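# Notes for the structure review
Take a look at the letters that make up each chain.
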There are 2 protein chains.
Amino acid sequence: MEYRNFVLKGDICYSKTLNSLVTAENSFLVCTEGKSAGVFSQFSHIPLPYRQFPCIDYTGKLIIPGLVDLHMHAPQFAFRSLGMDMELLEWLETWAFPEEAKYQDTNYALRSYRALVEDLQQGPNTRICLFGTVHVPATLLLMDLLEKSGLVCMVGKVNMDRNSPDTLREEDAARSAASTQVWLEQCGTYKNCKPILTPRFIPSCTDELMRRLSDLQQRYGLPLQSHLSENLREIAWVRELCPESSCYGDAYARFDLFGDRVPTIMAHCVYSESEEIALMQRRGVYVAHCPQSNMNLASGIAPARRYLEAGLSMGLGSDVAGGVHTSIFRAMTDGMGVSKLRRCMGACDEAPLTLEEVFFLGTQGGGSFFGPVGSFEAGYEFDALVMEDPHPVPPFPLTLRERLERIVWCSDERSILRKYVRGIPVPGFSNPVR
Amino acid sequence: MEYRNFVLKGDICYSKTLNSLVTAENSFLVCTEGKSAGVFSQFSHIPLPYRQFPCIDYTGKLIIPGLVDLHMHAPQFAFRSLGMDMELLEWLETWAFPEEAKYQDTNYALRSYRALVEDLQQGPNTRICLFGTVHVPATLLLMDLLEKSGLVCMVGKVNMDRNSPDTLREEDAARSAASTQVWLEQCGTYKNCKPILTPRFIPSCTDELMRRLSDLQQRYGLPLQSHLSENLREIAWVRELCPESSCYGDAYARFDLFGDRVPTIMAHCVYSESEEIALMQRRGVYVAHCPQSNMNLASGIAPARRYLEAGLSMGLGSDVAGGVHTSIFRAMTDGMGVSKLRRCMGACDEAPLTLEEVFFLGTQGGGSFFGPVGSFEAGYEFDALVMEDPHPVPPFPLTLRERLERIVWCSDERSILRKYVRGIPVPGFSNPVR
């Protein structure tokens, strides 16, 4: 049975701010019209109008916000884990580009995207920003599948009109922009799956294309996602391609495609320096921190601590298939791990990320790109996971924070009993207690 | 039904050497009296006497050697994943030491070790070297459970008589050695679970204790496991404690407890330098490379490539609970990952580890500590996993090497259909095809 208004009872964890994790055992989380009305430690503390809502009893289970993936490549899911011992360039040429070219065939896209969407439904992420390919039909097909999945997503038809293989490169800026417009006209009716402008990255987009995308951005009021400062060779290349830009980020900013009135996610930012950081901070650009991908593709370790200290908006990204695992729990543990390696390999003044911090980044940090998302504070959209403690449970009592730690490290999709997005259960988790 | 002599048919992968991975599709692996008699591409190539053996048909499944974990702490399994955002010292004081002290209580040990052994049975490792605690009854209990598990293990009662909390430290060298002897007398009858001498590490063992352990080593002909050069502060401490030793490894060697006639595993070796590497090479000391633990405890990244080039014997270790995951597949992927970070953070001349190399390390590399183990070359002990391709399978054909890559990155215990150790099926995997 589905309710618009209900109460969940259980052991509730969520972030209030970057460093403050709320742990409320045996408490009540109220959902009204798809939004949280807050967490209450006793039934009698629930405001009167909500007390008559049906109460679903998950005593002994954990209830946490759904996770948010700010960066992944939908057409790369099919080959995740393959070629992970290659270097970036070899991997792109062997896997990423030839595979993406196949999405011209909608049958191939359907088969492959169906498997992706099923995986995403079963996992812990509730909000996801995805790159598609340059192909309009395949991108619309992905949006169709996601729209029905119960998840809330942003999907981008990719733009690229230079420096890419013939099989993928769009003919010229005009045609790339025109097919983007066709795509935008056709995806206006989705409620859960919204378009996001997606120039692949500066090296694969001509100035002319960037100008046209900027026009489209203004006309449709679109958000934007792209890549920034992922590795040193790429940065040097951008410097060569855009000698008039003061930094890589500025190469987007010149076209008004770098934050400010354009909600913007930049993936990676492994090597952003002071000027770029200041630009991102001033313009409210989001960093999608993708620790696994940055390891797998030998990019390096992003200075996440510096970004937090600079007050940047930041969330986590799986970057499938630079990363292998779609679950943002994995990005949380990888984020903690690489921050320690960064510290002990030279960056002595950068404290490693804590559990509180990576949990914030994987929920509210990335969630805020979607609005009030990723927390259970009153007014937030009701994305929630009901989870079981991973087996075997230790032979000693655990605090709720410790139970959360075990969920983050040891859970998998079998630990998820129920998954809500905007108050609506995601299909496939239909039993109140499985 | 159990056979001593049988043939498995399927898609077979195993290492011949560090860089040569054999991939034999639709082939036949012969087991006779617990040993491999080799892999044959056609039934008619199987030597005559073996052709009448029952043939179990796993067509379409992968058959690979069981994995080998050269380093884990049995009493730390219960709290794995907890405190992973702490620094080493805080973690030891908060978790490792207080938890280990609890194993004086055999009821606690039974409950906790039972959960560990069940986990190990279900996972992909077939051979494991484990640290127990200082407690003789708990260590014997662990060996009882492992003996019946179907796995082949080496287990050490830990020795420590200085620089450790009162709750764990043994009273003096004489009593530590005496209780070690009691333990050795009582574990002589096990067939699958053998004792291994286990001084915790130099800082927690007096010279007097080391001398007595050396005597016991000679009397019983025992192998040895310990820790070496895990982090810089520890190395400085050893230099202070053993001013007469030329390097950390030499502090063991002085007591004849560092290879040569003593089969020896040293865990970590994150900071071993030329002299120590040469000593290990000369004396045949094994490195247990534990990439996840070295990240989680902010130790650093071991120079695995240098060790391979120096011709050291090396295997992989989970180091639970410095590491969180018992599966050596995880150590393989972490090993590839951190080797890339090491390269892009300064060690430009050290090529990252390849899939072939980490697969070798996790099977034959560590397996050779147990004898002819970790390969399917004729004469090797028959440890094998029959595995299913992880779901969802990509919508394009895969080579056998690529399927192995997916197993290494994406499988979990559900992918294991059957598990053999020395030709005998591990309990819990009793259906030929589950």
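Residues numbered from 1 in each chain as written. Chains lettered and ligands numbered in written order. Predicted model: local features only at pLDDT ≥ 70, side-chain atom pairs only at ≥ 80, totals over all residues. Heavy atoms only, no water.

### Section: helix α9 (residues 274–283) of chain B
Residues and elements named next belong to chain B. Note the cut-off: Burial classes follow relative accessibility: with a 1.4 Å probe on protein chains only, a residue under 20% of its type's maximum area counts as buried, one over 50% as exposed, and anything between as partly exposed. Here a helix means four or more residues in a row that DSSP labels H or I, a strand means two or more in a row labelled E, and each is numbered from the N terminus. Comment: arc refers to directions from the helix axis out to C-beta atoms. Any pair of residues with heavy atoms lying within 4.5 Å of one another is described as a contacting pair.
Among all positions in α9, only Glu276, Ile277, Leu279, Met280 and Arg283 are buried. For α9, the angular spread of the buried residues around the axis is 160 degrees, confining them to a single face. Of the exposed residues in α9, those oriented more than 90 degrees away from the buried face are Ser274 and Arg282. Here the buried face of α9 lies against β11 (224–228), α8 (248–253), β13 (286–289) and α11 (304–309).

### Regarding the relation of the copies chain A and chain B
Inclusion rule: Superposition of the copies was done by least squares, using only C-alpha atoms of residues whose pLDDT is at least 70 in both.
Of the transformation superimposing chain A on chain B, the axial component is 0.0 Å and the angular component is 180 degrees, with the fit at an RMSD of 0.0 Å. Such values leave the two copies arranged in the relation of a two-fold axis. The C-alpha atom lying nearest the rotation axis in chain A is that of Met345 of chain A; the distance is 3.8 Å.

### Section: the nonpolar core
Defined as follows: The nonpolar core is taken to be a set of buried Ala, Val, Leu, Ile, Met, Phe, Trp, Tyr and Cys residues, with the residues joined through side-chain atoms within 4.5 Å.
Counting 262 residues, the largest nonpolar core has Trp91, Tyr113 and Leu130 of chain A together with Trp91, Tyr113 and Leu130 of chain B as its most contacted members. With residues up to four places along the chain from it excluded, the contact list for Leu130 of chain B reads Met72, Ala74, Leu116, Leu120, Leu146, Cys153, Met154, Val155, Gly156 and Gln225 of chain B.

### Digging into the packing of aromatic side chains
Counted only if it meets this: A pair of aromatic rings is counted whenever rings of Phe, Tyr or Trp (Trp by its six-membered ring) have centres within 6.5 Å, and the orientation is called stacked for planes under 30 degrees apart, edge-to-face for over 60 and tilted otherwise.
Applying the stated criterion across every chain yields a total of 34 aromatic pairs over all chains. Between Tyr103 of chain A and Tyr113 of chain A, the ring centres sit 4.9 Å apart and the planes meet at 40 degrees, which makes this aromatic pair tilted. Here Tyr103 of chain A is found in the loop between α2 (88–101) and α3 (106–122), whereas its partner Tyr113 of chain A is found in helix α3, with 10 residues between them in sequence. You'll find Tyr103 of chain A and Tyr113 of chain A in the same group, each marked buried. Residues Phe28 of chain B and Phe43 of chain B carry aromatic rings whose centres are separated by 5.8 Å and whose planes lie at 70 degrees to one another, so their mutual orientation is edge-to-face. With Phe28 of chain B in strand β2 (residues 20–32) and Phe43 of chain B in the loop between β3 (35–40) and α1 (48–51), this pair connects stretches of sequence that are 15 residues apart. Judged by relative accessible area, which is 8%, Phe28 of chain B ranks as buried.

### Concerning the side chain of Asp119 of chain A
Residue and element names in this part refer to chain A. Let me state the cut-off plainly: Charge assignment: positive for Lys and Arg, negative for Asp and Glu; neither His nor the chain ends contribute. Put simply, a salt bridge is a Lys or Arg side-chain nitrogen that is within 4 Å of an Asp or Glu carboxyl oxygen.
Take Asp119: it is sitting in helix α3. Buried charged residue Asp119 carries no salt bridge. Nearest counter-charge: Arg80, at 4.4 Å. Beyond its immediate stretch of four places on either side in the chain, Asp119 contacts Phe77, Arg80 and Thr326.

### A short note on the domain arrangement of chain A
Note: interface size is frequently given as the accessible area lost on complex formation between the parts. All names here are of chain A. What counts, and what does not: Just so you know, the domain bounds were taken from an automatic or database domain assignment. A quick way to say it: buried area is the sum, across both parts, of accessible area lost when two parts are put together, with a 1.4 Å probe.
Splitting chain A by domain gives domain 1 (5–65 + 375–425) and domain 2 (67–370). Between the C-alpha centres of domain 1 and domain 2 the distance comes to 30 Å. The interface is formed by 29 residues belonging to domain 1 together with 27 residues belonging to domain 2. Roughly 2300 Å² of surface becomes buried between domain 1 and domain 2 when both sides are summed, with 62% attributable to carbon and sulfur atoms.

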